[in-house]
Amino acid sequence: MKVLIINAGSSSLKYQFMSPDTGDVYAKGLCERIGIDGRLNHSVPGRDKVVQDIAMPSHSEAIQAVLSILVDETNGVIKSTDEIDAVGHRVLHGGMAFTESCLIDDACIAAIEKCIPLGPLHNPANLMGIRACQAVMPNKPQVAVFDTAFHMTMPAKAYTYAIPYEYYENDDVRRYGFHGTSHRYVSARAVDMLGNPEHSKVICCHLGNGSSLSACVDGKVVDTTMGLGPLAGVPMGTRSGDIDATIIEYLMDRYGYDIKTMMNILNKKSGVLGISGVSSDFRDLDNAAAEGNERAQLALDKFVYEVKKDIGAYAAAMGGCDAIVFTAGVGENSIDMREKLVEGLEYMGVKIDPVKNKTRGVEAEVQADDSRVKIFVIPTNEELMIAKDTAALAK
Ligand code: ADP
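Please read these numbers as outputs of a predicted model, since none were measured by experiment.

Asks: Describe the packing of aromatic side chains, listing the residues and the values that go with them.
Replies: If you walk through the whole model with that rule in mind, you get 6 aromatic pairs. Considering the side-chain rings of Tyr-159 and Tyr-168, the 5.7 Å spacing of their centres and the 40° angle between planes classify their relative orientation as tilted. Across the pair, Tyr-168 and Tyr-159 agree in class, each one buried. Of the residues examined, Tyr-168 reaches a relative accessible area of 17% and is grouped as buried. An aromatic cluster is present here, built from Tyr-159, Tyr-165 and Tyr-168 joined pairwise through their rings. One residue, Lys-2, lies across the ring of Tyr-26, its end atom 5.4 Å from the ring centre.

As structure tokens, this is what we get:
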């Protein structure tokens, strides 16, 4: 079976064409500047990358460009689009309607539309991707895989906000959590690596541009750091993470900001970029801090402090911890960050082996021999999870 994975944003569309069985990626790429002019970046393992300027007034032309290059004689990997068995779409917000992935039909689309107020930036773009695929491939099974779905096992005490209960009852205000497909992949791998015990307590740290942690008991999420939207939790590249809501009123009053300006500050100008004034990129911050930039160092210290606090919180919430997982750009690649994140957690039975920890981008166990808690580096593979769900539902 061969599956096309689509991750549609407002002006971009990422794709990956792969086998859900072996995980082999036949081709992948990105359509960017949709609605502006349009550019296709296409890569096939073992071949040179191809960049083409193609007019993309809407997502339909972008999908058409993807299909054309997949069957192109020179740059393609298949003879005909008949070889695409199904299409899987990454969808940001599934609200309370979706606890798992779903075969796309009219009812599924209506439910995704209903979630637009909860994911106002992403869900409309995801829907554009879905509709564009339906238009050019009307007979192919399509599947929606939600960023929120894996977190829907959280108990009420974890997902309920301490605000008037009617906002939950009437308006669906609750913690949802994101990066669910990544947390699902790495937590399942962690349980495998633990030897598939009957009971397991795993803390997953997805640390990239966006970051979130999840606490998973017996493979199911019991808590996660992101909330109604992906702004909550630990500080991120440009997102503030959790802050005192009083700050919002205080700054809006003081500077006469409207709510759009304020939210833009919290989403785009905060996090480690906001503290450092240098960059949202952790490698840039490492370099700046090494050159003596104190605010870059403070941004890194703040990130470590908050992630470490949440690791402690989740060990408390679960009554222990068998494994801590590091994944995504920072978690998979930053040796120094992993070392700092578990420094001082020896009292919890967490001890890293500094030599084993010198690893990047590959699956590894990096705890010391006498560490009670395992420390795993697990490269995430959200596309594989989407491909597997798509294949299972399309069958
Ligand atoms: P996204 O959320 O966009 O998928 P990624 O998971 O790719 O992001 O993570 C990107 C982040 O990972 C960037 O801040 C980048 O600097 C960081 N990163 C990648 N490699 C390293 C490394 N070797 N050391 C420190 N940070 C790294």
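Asks: I'd like a description of the layout of surface pockets, backed by residues and values.
Replies: Here the idea is plain: a probe the size of a water molecule rolls over the atoms and shows the empty space left. Quantified by volume, the largest pocket comes out at close to 2000 Å³. Along the wall of the largest pocket there are 49 residues; nearest its centre are Arg-90, Leu-92, His-122, Pro-230 and Arg-239. For the lining of the largest pocket, the secondary structure elements donating two or more residues are β1 (3-8), β2 (13-18), β3 (25-32), β6 (86-91), α3 (123-136), α8 (259-268), α12 (328-333) and α14 (382-394). It is α8 that contributes the most residues to the lining of the largest pocket, 5 residues altogether.

Asks: Kindly report on the sheet that holds strand β4 (residues 39-43), identifying the contributing residues and their values.
Replies: Taken in spatial order, the 8 strands make up an open sheet running β5-β4-β3-β2-β1-β6-β8-β7, and their pairing is mixed. Every interior strand has two partners, whereas the edge strands, β5 (50-53) and β7 (102-103), have only one. Where β6 lies against strand β8 (residues 142-146), 5 bridges are found, and the strand directions are parallel. If you follow Gly-88 over to β8, its bridge partner there is Val-143. Against the sheet, helix α1 (residues 59-71) engages β1, β2, β3, β4 and β5, with an angle of about 30° to β2. The strands that helix α2 (residues 106-114) touches are β6, β7 and β8; relative to β8, the one it contacts most, it runs at about 30°.

Asks: How would you summarise the site of the ligand if you had to cite specific residues and measurements?
Replies: Near the ligand lie 13 residues; those nearest to it are Asn-209, Asp-281, Phe-282, Arg-283 and Gly-329. Measuring from an oxygen atom of the ligand, one finds a side-chain N or O atom of Asp-281 at 2.6 Å. Here Asn-333 contributes a backbone N or O atom positioned 3.4 Å from a nitrogen atom of the ligand. Contact with the protein chains covers 71% of the free accessible surface of the ligand, which is 580 Å². Put simply, the parts of the chain that give the shell around the ligand at least two residues each are α10 (282-290) and α12. Among the elements that take part in the shell around the ligand, α12 stands out by supplying 4 residues, more than any other.

Asks: Summarise the pattern of salt bridges; cite the residues concerned and give the values.
Replies: This structure, assessed with the given rule, holds 17 salt bridges. Arg-90 is the partner of Glu-382 in a salt bridge, and the nearest nitrogen-oxygen pair spans 3.4 Å. Here Glu-382, found in helix α14, pairs with Arg-90, found in strand β6; they are 292 residues apart in sequence, far enough to count as distant. By relative accessible area, which is 21% here, Arg-90 ends up partly exposed.

Asks: I'd like to hear about the packing of helix α6 (residues 180-193) against α14, residue by residue, with values.
Replies: Two elements in contact, α6 and α14, have axes separated by 8 Å at closest approach and are oriented at 90°. One finds that α6 runs roughly perpendicular with respect to α14. Listed contacts from α14 to Thr-181, Ser-182, Arg-184 and Tyr-185 of α6 are Glu-382, Leu-384, Met-385, Ile-386 and Asp-389. When the residues that make up the contact of α6 with α14 are grouped by side-chain class, the tally is 4 nonpolar, 2 polar and 3 charged.

Asks: Go over the pairing of β3, please, and point to the residues and values.
Replies: Both faces of the sheet carry side chains from a regular strand, because those side chains alternate between them. Summarising the sheet, β2 and β3 pair through 6 bridges and their orientation is antiparallel. For Met-18, the partnering residue across the bridge sits in β3 and is Val-25. Counted between consecutive antiparallel strands, the loop separating β2 from β3 contains 6 residues, among which Gly-23 sits at a positive phi close to 80°. Where β3 lies against β4, 5 bridges are found, and the strand directions are antiparallel. Bridge assignment links Lys-28 to a residue of β4, and that residue is Ser-43. Here β3 folds back onto β4 in antiparallel fashion, the turn holding 6 residues, of which Arg-33 has a positive phi close to 60°.

Asks: Help me get a handle on the sheet that holds strand β9 (residues 201-207), residues and values and all.
Replies: Spatial strand order, β11-β10-β9-β12-β14-β13: 6 strands in an open sheet with mixed pairing. Unpaired on one side and paired on the other, β11 (220-224) and β13 (364-365) mark the two borders of the sheet. Examined bridge by bridge, strand β12 (residues 323-327) and strand β14 (residues 374-377) share 4 bridges and lie parallel to one another. Pairing of Phe-326 across the sheet is with Val-377, part of β14. Packing against the sheet, α6 makes contact with β9, β10 (211-217), β12, β13 and β14, and its axis sits at approximately 135° to β9.

Here is what the cut-offs are and how they apply
Residues numbered from 1 in each chain as written. Predicted model: local features only at pLDDT ≥ 70, side-chain atom pairs only at ≥ 80, totals over all residues. Heavy atoms only, no water. Phe/Tyr/Trp six-rings, centres within 6.5 Å; stacked < 30°, edge-to-face > 60°. Buried < 20%, exposed > 50% of the residue type's maximum accessible area, 1.4 Å probe, protein only. Lys NZ or Arg CZ within 6 Å of the ring centre and 35° of its normal. 1 Å grid on protein atoms, 1.4 Å probe; cavity = no way out; pocket = protein on both sides within 12 Å on 5 of 7 lines; lining within 4 Å. Points joined across faces, edges and corners; volume = space filled by probe spheres on them. Helix = DSSP H or I, 4+ residues; strand = E, 2+ residues; numbered from the N terminus. Pairing = 2+ DSSP bridges. Contact = heavy atoms within 4.5 Å. Axes fitted to C-alpha atoms, helices over the stretch in contact; angles between N-to-C directions. Near = heavy atom within 4 Å. Polar contact = N/O pair within 3.5 Å; in protein donor to acceptor, adjacent residues only side chain to side chain. Areas by Shrake-Rupley, 256 points an atom, 1.4 Å probe, with all protein chains shown as cover. Salt bridge = Lys/Arg side-chain N within 4 Å of Asp/Glu carboxyl O. Parallel < 35°, antiparallel > 145°, perpendicular 65-115°, else oblique. Nonpolar A, V, L, I, M, F, W, Y, C, P; charged D, E, K, R; others polar.

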